[in-house]
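As a plain string of letters, each chain reads:
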Amino acid sequence: MEKVTIKRMDEFERDVRDEAASVFIEGYYKDLSFFSKDRTTLQKAIRHAFCEDVYYLAEWEGEVVGILACSTNQSRAMKVNKREIVDALGFLKGSFAYSMLSRELHPPLPYPDDTGYIECVATTSESRGKGVASALVNHVIDHLHFSTYILEVVDTNTNAHRLYKKLGFTEYKRKKERFGNMKGFRERIYMRFEC
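Residues numbered from 1 in each chain as written. Predicted model: local features only at pLDDT ≥ 70, side-chain atom pairs only at ≥ 80, totals over all residues. Heavy atoms only, no water.

S.K.: What's the story with the packing of helix H3 (residues 82-89) against helix H4 (residues 91-105) in this structure? I'm lost.
M.R.: Between two packed helices, what matters for the description is the angle formed by their axes and the separation of those axes. Interaxial distance between H3 and H4 falls to 7 Å at its minimum, and their mutual angle equals 140°. The angle between the axes of H3 and H4 places the two elements in the oblique class. Read as a crossing pair, H3 and H4 show a hand that is right-handed. Residues Lys82, Ile85, Val86 and Leu89 of H3 touch H4, and the partners they reach there are Phe91, Lys93, Gly94, Ser95, Ala97, Tyr98 and Leu101. The class makeup of the residues in the contact of H3 with H4 is seven nonpolar, two polar and two charged. (Axes fitted to C-alpha atoms, helices over the stretch in contact; angles between N-to-C directions. Helix = DSSP H or I, 4+ residues; strand = E, 2+ residues; numbered from the N terminus. Parallel < 35°, antiparallel > 145°, perpendicular 65-115°, else oblique. Left-handed = near helix turned anticlockwise from the far one by under 90°. Contact = heavy atoms within 4.5 Å. Nonpolar A, V, L, I, M, F, W, Y, C, P; charged D, E, K, R; others polar.)

What follows is the structure, given as structure tokens:
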């Protein structure tokens, strides 16, 4: 893939929420498809949730092909709104989705001020294996000035784990996942990059 342009989400002159939501859903469809198989419905459910000041988007030929959030102990990647999710998914599934997503994405991070937390990394299927995720991670490390970057990857995502190792991240902790069999993975792997 030729050169991608990377900008923070709030630096785009157009509204890119639907594009970012589409990439997010493509990257996490396996997890989100429980709530709806319809990608447009899922997109409607989460398009509101992006915290634009921590998201970085990779654009190629005018199209968003990758996303990454670099959160801090003060600001997470997404702030889900129960009404928006329930409106899109219906009361039962929407309430359950809100509960799960808010539990995963709302708690403050337990890291010091000098630590960036990389989360919600996703690329379009057409751009996978073409350096988009690497470009996003490198952009954040080169342009933000944290002394440490932390991320987590599930044990079944071997491609991402291999990529992060290649980019210089080292594993420092594994945490067994409750109800892992239902979620499709056994452990969360925590990795660190020191500048």
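S.K.: Help me understand a nonpolar patch on the surface in this model?
M.R.: Residues Phe34, Phe96 and Met100 make up a contiguous nonpolar surface patch of roughly 290 Å² in combined accessible area. Residue position: Phe34 is located in the loop between helix H1 (17-32) and helix H2 (39-46). (Patch = residues over 30% accessible without salt bridge, like charges linked within 9 Å, V, L, I, M, F, W, Y side chains within 5 Å. Areas by Shrake-Rupley, 256 points an atom, 1.4 Å probe, with all protein chains shown as cover. Salt bridge = Lys/Arg side-chain N within 4 Å of Asp/Glu carboxyl O.)

S.K.: Sorry if this is basic, but what is going on with the nonpolar core here?
M.R.: Generally speaking, a soluble globular protein has its nonpolar side chains buried in company with each other. Phe24, Ile46, Phe50, Tyr55, Leu57, Ile67 and Met78 are the most contacted members of the largest nonpolar core, which has 34 residues in total. Top element by residues in this core is H1. It accounts for seven residues. When neighbours within four sequence positions are excluded, Leu57 is seen to be in contact with Thr5, Ile6, Lys7, Met9, Phe12, Val16, Ala20, Val64, Gly66, Ile67 and Leu136. Residues Cys70, Leu144, Tyr149 and Phe169 belong to the second largest nonpolar core, which totals 28 residues. (Core = buried A, V, L, I, M, F, W, Y, C linked by side-chain atoms within 4.5 Å. Buried < 20%, exposed > 50% of the residue type's maximum accessible area, 1.4 Å probe, protein only.)

S.K.: Before we go on, may I ask you to explain the state of the cysteines in this structure?
M.R.: Applying the stated rule across the entire model yields zero disulfides. The closest cysteine sulfur to the non-disulfide-bonded Cys51 is located on Cys120, 9.6 Å from its own sulfur. (Disulfide = S-S within 2.5 Å.)

S.K.: What is the right way to read H2 from this model?
M.R.: Since the α-helix turns once every 3.6 residues, residues separated by three or four places project in the same direction. Among the residues making up H2, those that are buried are Leu42, Gln43, Ala45 and Ile46. Buried positions in H2, seen along its axis, are confined to an arc of 160° and lie on one side of it. Taken together, the buried residues of H2 touch H1, H3 and H4. (Arc of directions from axis to C-beta.)

S.K.: Hey, could you run me through the side chain of Ser134 in this one?
M.R.: Examined against the element boundaries, Ser134 turns out to sit in helix H5 (residues 132-143). Ser134 sits in the buried class, given a relative accessible area of 16%. The residues contacting Ser134, other than those within four sequence positions of it, are Leu163 and Leu167.

S.K.: Please clarify how the packing of H2 against H3 should be interpreted in this entry.
M.R.: Two elements in contact, H2 and H3, have axes whose closest approach is 7 Å; the angle formed by their N-to-C orientations is 165°. In terms of orientation, H2 lies roughly antiparallel with respect to H3. Two packed elements cross with a definite hand, and for H2 against H3 that hand is right-handed. Of the residues in H3, those in contact with Thr41, Leu42, Lys44 and Ala45 of H2 are Glu84, Ile85, Asp87, Ala88 and Leu89. For the contact of H2 with H3, a count of residues per class yields five nonpolar, one polar and three charged.

S.K.: What am I meant to see in the environment of Ile67 here?
M.R.: Tracing the backbone through its elements, the reader meets Ile67 in strand S3 (residues 63-71). Separated by 29 residues in the primary sequence, Ile67 and Asp38 place their C-alpha atoms 21 Å from one another. With sequence-adjacent residues up to four places away left out, Ile67 is seen in contact with Ala20, Val23, Phe24, Phe50, Tyr55, Tyr56, Leu57, Cys120, Val121, Ala122 and Leu136.

S.K.: Explanation requested: the pairing of strand S4 (residues 115-123) in the structure shown.
M.R.: Along a regular strand, successive side chains alternate from one face of the sheet to the other. Of all nine residues that make up S4, nine are buried, and the element is covered over most of its length. Bridge count between S3 and S4: five bridges; the pairing is antiparallel. Across the sheet, residue Ala69 finds its bridge partner in S4, namely Glu119. Note on the crossover from S4 through H5 to strand S5 (residues 148-154): the handedness is right-handed. (Pairing = 2+ DSSP bridges. Right-handed = clockwise from strand over helix to strand, strands pointing away.)

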